[in-house]
Amino acid sequence: LVAPASLVMAAFIYGLGQLGWQSLHVEGGEIGLGQYLDFAARPDYRAVLVTTIMIALTTTALCLVIGYPAAYAIARAGRWRNTLMIFVILP
């Protein structure tokens, strides 16, 4: 039963490794961090990266603030538990 999941994970790891390896190559075939240094040197790219990270952190914090109390309420709901779970899963 582990074989299908292992194959999927192996394919994912292989693809991720290939992507990382290709990101280190430049046009001349050399290996280096040139693309990453160019990315870090551009202020517009840095601004987009900071905005993206801030949105991700805000979303994570809101999900924690809303999710944990909701999960606690559902766990303590008694006979309304299934109905509340449907309301959470339905959207």
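Residues numbered from 1 in each chain as written. Predicted model: local features only at pLDDT ≥ 70, side-chain atom pairs only at ≥ 80, totals over all residues. Heavy atoms only, no water.

Residues F39, Y45, L49, V50, I53, M54 and L57 make up a contiguous nonpolar surface patch of about 630 Å² in total accessible area. Examining the composition of the nonpolar patch, we find that six residues originate from one element, helix α3 (residues 43-75), more than from any other. With respect to the secondary-structure elements, V50 resides in helix α3. Judged by its relative accessible area of 49%, V50 falls in the partly exposed class. (Patch = residues over 30% accessible without salt bridge, like charges linked within 9 Å, V, L, I, M, F, W, Y side chains within 5 Å. Areas by Shrake-Rupley, 256 points an atom, 1.4 Å probe, with all protein chains shown as cover. Salt bridge = Lys/Arg side-chain N within 4 Å of Asp/Glu carboxyl O. Helix = DSSP H or I, 4+ residues; strand = E, 2+ residues; numbered from the N terminus. Buried < 20%, exposed > 50% of the residue type's maximum accessible area, 1.4 Å probe, protein only.)

All right, on to the packing of helix α2 (residues 34-41) against α3 then. Packing of α2 against α3 brings their axes to within 5 Å, and their N-to-C directions diverge by 85°. Relative to α3, the element α2 is oriented roughly perpendicular. Within the contact between the two elements, α2 uses F39, A40 and A41 and α3 uses P43, Y45, R46 and L49. Within the contact of α2 with α3, the residues separate by chemical class into six nonpolar, no polar and one charged. (Axes fitted to C-alpha atoms, helices over the stretch in contact; angles between N-to-C directions. Parallel < 35°, antiparallel > 145°, perpendicular 65-115°, else oblique. Contact = heavy atoms within 4.5 Å. Nonpolar A, V, L, I, M, F, W, Y, C, P; charged D, E, K, R; others polar.)

What follows deals with the confidence of the model for the protein. Detailed reading of the predicted coordinates is not advisable wherever pLDDT is low. A residue-level look at the protein finds 100% of positions with pLDDT of 70 or above and a mean pLDDT of 93. The lowest-confidence element of the protein is α2, averaging 88 in pLDDT; the highest-confidence one is α3, averaging 96. (pLDDT = per-residue confidence, 0-100.)

This next bit is on the pattern of salt bridges. One pass over the structure, following the stated rule, counts one salt bridge. The partner of D44 in a salt bridge is R42, and the shortest N-O contact between them spans 2.8 Å. Note on D44: relative accessible area 37%, which makes it partly exposed.

Now for the environment of V26. You can see V26 is positioned in the loop between α1 (2-23) and α2. Residue classification places V26 among the partly exposed residues on the basis of a relative accessible area of 31%. When the C-alpha positions of V26 and I86 are compared, they lie 51 Å apart, and in sequence the two are 60 residues distant.

This part covers the packing of aromatic side chains. Following the criterion strictly, the structure yields one aromatic pair and no others. An angle of 25° between the planes, with centres 5.4 Å apart, marks the rings of F39 and Y45 as stacked. When the ring centre of Y45 is taken as reference, the NZ or CZ atom of R42 above it lies at 4.4 Å. (Phe/Tyr/Trp six-rings, centres within 6.5 Å; stacked < 30°, edge-to-face > 60°. Lys NZ or Arg CZ within 6 Å of the ring centre and 35° of its normal.)

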